[in-house]
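# Structural characterization, general
Okay, here's what each chain looks like letter by letter:
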Amino acid sequence: MIIEDFCMYCGACAGVCNVDAIQVQELKIVVNDEKCVKCGLCVDICPVHALTLE
Ligand code: SF4
Ligand code: SF4
């Protein structure tokens, strides 16, 4: 998972992840690559297209 710097920390990606792989911290998004199953839901929901699958 790649997070571009135009992320606005809205938290939508974390809310849609079924395996809780994304954590929204203060001005920082953390993705747990060991949990991520590359389903792409977070990529689709991001309003500013800040996420891409590696
Ligand atoms: S690709 Fe799927 S599993 Fe991985 S962080 Fe996004 S929503 Fe979660
Ligand atoms: S949905 Fe997009 S803008 Fe919102 S926190 Fe996630 S990466 Fe950032």
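Residues numbered from 1 in each chain as written. Chains lettered and ligands numbered in written order. Predicted model: local features only at pLDDT ≥ 70, side-chain atom pairs only at ≥ 80, totals over all residues. Heavy atoms only, no water.

## Quick notes on the site of ligand 2
The immediate surroundings of ligand 2 are formed by 13 residues, with C7, C10, G11, C13 and C46 found nearest. Of the residues belonging to the shell around ligand 2, the class tally is twelve nonpolar, one polar and no charged. (Near = heavy atom within 4 Å. Nonpolar A, V, L, I, M, F, W, Y, C, P; charged D, E, K, R; others polar.)

## Some words on the confidence of the model for the protein chain
Confidence along the protein chain averages 93 in pLDDT terms, with 100% of residues attaining 70 or more. The secondary structure element of the protein chain with the lowest average pLDDT is strand β1 (residues 2-3), at 82, and the one with the highest is helix α2 (residues 41-45), at 97. (pLDDT = per-residue confidence, 0-100. Helix = DSSP H or I, 4+ residues; strand = E, 2+ residues; numbered from the N terminus.)

## Considerations on the environment of C42
Looking at where C42 falls in the secondary structure, it is placed in helix α2. Classification of C42 by relative accessible area gives buried; the value is 7%. It is 6.2 Å that separates the C-alpha atoms of C42 and V16, two residues lying 26 residues apart in sequence. (Buried < 20%, exposed > 50% of the residue type's maximum accessible area, 1.4 Å probe, protein only.)

## Focus: the pairing of strand β2 (residues 22-25)
Note: β2 against strand β3 (residues 28-31), four bridges, orientation antiparallel. Pairing of V24 across the sheet is with I29, part of β3. Hairpin remark: β2 followed by β3, antiparallel, with two residues in the connecting loop; positive phi at L27, about 55°. (Pairing = 2+ DSSP bridges.)

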